[in-house]
Amino acid sequence: MKNKYVFRARISERQLRHLLRLYCADVCALTAATLAGVNRNTAHLLYTRLRTRVVALTTAESQPFTGEVEIDESYFGPRRVRGRRGRGAAGKIPVIGLLKRGGNVYVKIVPDCSREALRPIIRGPMLAASTVYTDGWRSYDGLVLDGFRHHRIHHHENQFARGKNHVNGIESFWSFAKLRMAKMRGLRKTHFLAHLLESQWRWNHRRDNRYKLLLQHLAKHPLS
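Parameters and conventions
- Residues numbered from 1 in each chain as written.
- Predicted model: local features only at pLDDT ≥ 70, side-chain atom pairs only at ≥ 80, totals over all residues.
- Heavy atoms only, no water.
- Pairing = 2+ DSSP bridges.
- Helix = DSSP H or I, 4+ residues; strand = E, 2+ residues; numbered from the N terminus.
- Axes fitted to C-alpha atoms, helices over the stretch in contact; angles between N-to-C directions.
- Contact = heavy atoms within 4.5 Å.
- Buried < 20%, exposed > 50% of the residue type's maximum accessible area, 1.4 Å probe, protein only.
- Phe/Tyr/Trp six-rings, centres within 6.5 Å; stacked < 30°, edge-to-face > 60°.
- Salt bridge = Lys/Arg side-chain N within 4 Å of Asp/Glu carboxyl O.

Quick word on the sheet that holds strand β2 (residues 93–100)
So, step 1. Reading across the sheet, the five strands line up as β3-β2-β1-β4-β5 and stay open at both edges, with mixed pairing between neighbours. A strand with exactly one partner marks an edge of an open sheet, and here the two such strands are β3 (105–109) and β5 (149–153). Neighbour-to-neighbour, the strand axes of the sheet open up by a mean angle of 25 degrees, direction not taken into account.
So, step 2. Sheet topology places strand β4 (residues 131–135) next to β5; five bridges connect them, and they run parallel. Across the sheet, T131 pairs through a bridge with R149, a residue of β5.
So, step 3. Along the sheet, helix α5 (residues 168–182) makes contact with β1 (68–76), β2 and β3, crossing β1 at roughly 35 degrees.
So, step 4. Along the sheet, helix α6 (residues 189–204) makes contact with β1, β2 and β3, crossing β3 at roughly 170 degrees.

Here we look at the environment of R180
So, step 1. Tracing the backbone through its elements, the reader meets R180 in helix α5.
So, step 2. Residue classification places R180 among the buried positions, given a relative accessible area of 5%.
So, step 3. The spatial distance from the C-alpha of R180 to the C-alpha of S199 is 7.7 Å, given a sequence separation of 19 residues.
So, step 4. Ignoring sequence-local partners within four residues, the contact set of R180 consists of D26, H195, E198, S199 and R202.

Considering the environment of G169
So, step 1. Summarising the element assignment, G169 is placed in helix α5.
So, step 2. With relative accessibility at 18%, the residue G169 sits in the buried group.
So, step 3. Along the sequence, G169 and V69 sit 100 residues apart, while their C-alpha atoms lie 9.5 Å from each other.
So, step 4. Ignoring anything within four residues of it in the chain, the contact list for G169 reads E70, L99 and W203.

Brief notes about the pairing of β4
So, step 1. The buried fraction of β4 amounts to five of the five residues, a majority that puts the element mostly inside the structure.
So, step 2. The side-chain alternation of β4 yields two buried faces, one formed by T131, Y133 and D135 and the other by V132 and T134.
So, step 3. Bridge count between β1 and β4: three bridges; the pairing is parallel. Residue pairing for β4: V69 is matched across the bridge by V132.

Side note on the packing of aromatic side chains
So, step 1. The tally for this structure, following the rule as stated, stands at eight aromatic pairs.
So, step 2. Aromatic pair F173 and F176: ring centres 6.4 Å apart, planes at 40 degrees, arrangement tilted. Linking F173 with F176, this pair stays in helix α5, spanning three residues, or about one helical turn.
So, step 3. Owing to a relative accessible area of 26%, F176 belongs among the partly exposed residues under this scheme.

Some thoughts on the side chain of T58
So, step 1. Looking at where T58 falls in the secondary structure, it is placed in helix α3 (residues 40–61).
So, step 2. T58 has contacts with L197, Q200 and W201, leaving out every residue within four places of it along the chain.

A look at the pattern of salt bridges
So, step 1. Under the counting rule described, the total for this entry stands at ten salt bridges.
So, step 2. A salt bridge links R180 to D26; its shortest N-O distance comes to 2.6 Å. Residue R180 is found in helix α5, and its partner D26 is found in the loop between α1 (13–24) and α2 (29–36); the two are separated by 154 residues along the sequence.
So, step 3. E198 serves as the salt-bridge partner of R180, at 3.4 Å between the closest nitrogen and oxygen. Here E198 lies in helix α6 and R180 lies in helix α5, a separation of 18 residues in the sequence. For the pair formed by R180 and E198, the shared burial category is buried.

A closer look at the environment of V110
So, step 1. Mapping V110 onto the fold places it in the loop between β3 and α4 (115–123).
So, step 2. With 16 residues separating them along the chain, V110 and P94 place their C-alpha atoms 5.7 Å apart.
So, step 3. Look past the residues within four positions of V110 in its chain and what remains in contact with it is P94, V95, I96, A117, L118 and I121.

Printed below as a string of structure tokens:
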């Protein structure tokens, strides 16, 4: 059967649909190759192309945040490294995340979690009318001066939720993303951004049928 979703593909449409379902179910490429009956290099290539397309879709779907928004930063990398731990830990990749309550998440790699690094990003994708919730990290000081209504939860004082004042939503995303990447057992830093944005796309479409979304997209825009 001719494959209309991938140019010059050496797999049938039936095999591609099977691989696409497995990709959307977050099954690793090696296992997907066995289940779909294709060469593992073919599965890896298709997964890489799908991930590249998902990253492009994620970027295109990003839009300004309004309403109630949780902001938090997290660190990705080896569990055990020498030197400082926590914020600024050696060998870790710092990421800031913004989550609209009841809506999407937006993530971005930052050089560090200083006030100078975080504030321009917060002002970028958000509107000044938003109400923001953060922890007590000093880099979030002064957000009210930018026009935000700012509420803080102080984890160092064993505060984790006071009514609507919490960052549980964005912390749930961090757990989701880190669990996904932990399954890869040694993700290269050069591939980290793509997998991070893929996690963002999966989270933002967690209530959707991801398979149908990608299938409809590929019908209009086949992979090259």
